[in-house]
Amino acid sequence: MAAPGDATGAGDLVIRVTAMPTDLNPYGGVFGGWLMCQLALGASSLVTRRTGLKAVVVGATDFGFPGVMQVGDELNVYAEVRRVGRTSITVATRGFGRARASEACVEVANGSFTFVVLGANDRPVEVGTLAPAPG
């Protein structure tokens, strides 16, 4: 388990959100689809910040759900650029859950997303060189 903010090697913190009752599956745990959505939103945010352009998901792979979350738990999503193509960027994401009254975190989801970067006319554009990571 990692301490909050200590997801060494996980990339940039891109989203922090609390799981609410509407995010639960019929078994009372956090729905895997909600976790995937949060990972995608975080990855998209990273790509848009780095390119200054619109980015759309064209692929999603390698999902895992190694832990569980409950309502009220906080999800921290980290993202890291793994590959830059001519018009695409692949981002690896990891989500860490933290129980509301705890400092301990556990990885609850991970996966990769490929985005195509779009210009003003909503057509793919060359990515070029990414802006350096903040910090």
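Predicted model, so just to flag it, every value in this text is computed and none were measured.

Criteria and cut-off values
- Residues numbered from 1 in each chain as written.
- Predicted model: local features only at pLDDT ≥ 70, side-chain atom pairs only at ≥ 80, totals over all residues.
- Heavy atoms only, no water.
- Helix = DSSP H or I, 4+ residues; strand = E, 2+ residues; numbered from the N terminus.
- Expected span 1.5 Å × (residues − 1).
- Contact = heavy atoms within 4.5 Å.
- Salt bridge = Lys/Arg side-chain N within 4 Å of Asp/Glu carboxyl O.
- Buried < 20%, exposed > 50% of the residue type's maximum accessible area, 1.4 Å probe, protein only.
- Pairing = 2+ DSSP bridges.
- Axes fitted to C-alpha atoms, helices over the stretch in contact; angles between N-to-C directions.
- Phe/Tyr/Trp six-rings, centres within 6.5 Å; stacked < 30°, edge-to-face > 60°.
- pLDDT = per-residue confidence, 0-100.

I'd love a proper account of helix H1 (residues 32-51), names of residues and values included.
Relative to the 28 Å expected for 20 residues at 1.5 Å per residue, H1 spans 29 Å between its end C-alpha atoms, a close match to the ideal helical length. Each element contacted by the buried residues of H1 is listed here: strand E1 (12-18), strand E2 (54-64), strand E3 (74-84), strand E4 (88-98) and strand E5 (105-118). Two residues or fewer past H1, Gly52 is found with a positive phi of approximately 75°.

Please provide a residue-by-residue account of the pattern of salt bridges, values included.
Per the stated rule, a full pass over the model turns up eight salt bridges. Arg82 serves as the salt-bridge partner of Glu80, at 3.1 Å between the closest nitrogen and oxygen. Classification of Arg82 by relative accessible area gives exposed; the value is 55%. Overlapping salt bridges bring together Asp12, Arg49 and Arg50 as one network.

Which residues make up the sheet that holds E3, and what values go with them?
Taken in spatial order, the five strands line up as E1-E3-E4-E5-E2 in an open sheet, and their pairing is antiparallel. Each having just a single partner strand, E1 and E2 make up the two edges of the open sheet. Strand-to-strand twist across the sheet, computed as the mean angle between neighbouring axes with direction ignored, equals 30°. Sheet analysis places E3 next to E4, joined by ten bridges and oriented antiparallel.

So what's going on with the packing of aromatic side chains? Which residues, and what values?
By the definition in use, this model includes three aromatic pairs. Between the aromatic rings of Phe63 and Phe113, the centroid separation amounts to 5.4 Å while the plane-to-plane angle is 75°, which identifies the pairing as edge-to-face. Separated by 50 residues along the polypeptide, Phe63 in strand E2 and Phe113 in strand E5 bring together distant segments of the chain. In this structure Phe63 comes out as partly exposed when scored by relative accessible area, which is 25%. Centroid distance Phe113 to Phe115: 6.5 Å. Interplanar angle 40°. Geometry classified as tilted. Taken individually, Phe113 and Phe115 each receive the classification buried, so the pair is uniform in this respect.

I'd love a proper account of the confidence of the model for the protein, names of residues and values included.
Scored by pLDDT, the protein comes out at a mean of 90, with 88% of its residues at no less than 70. Low pLDDT, under 50, characterises residues 1-5; the stretch is placed with twelve contacts to residues that sit more than four places away or in other chains.

Quick rundown of unusual backbone geometry? Include the residues and the values.
One non-glycine residue, Asp62, lies in the positive phi region at around 60°. Locating Asp62 in the fold gives a position in strand E2. Owing to a relative accessible area of 63%, Asp62 belongs among the exposed residues under this scheme. Its identity as a non-glycine residue notwithstanding, Asp122 has a phi of 60°, on the positive side.

Describe the side chain of Ser88, with residues and values.
Along the chain, the position of Ser88 falls in strand E4. Residues contacting Ser88, with those up to four places away along its chain left out, are Arg83, Thr114, Phe115, Val116 and Val127.

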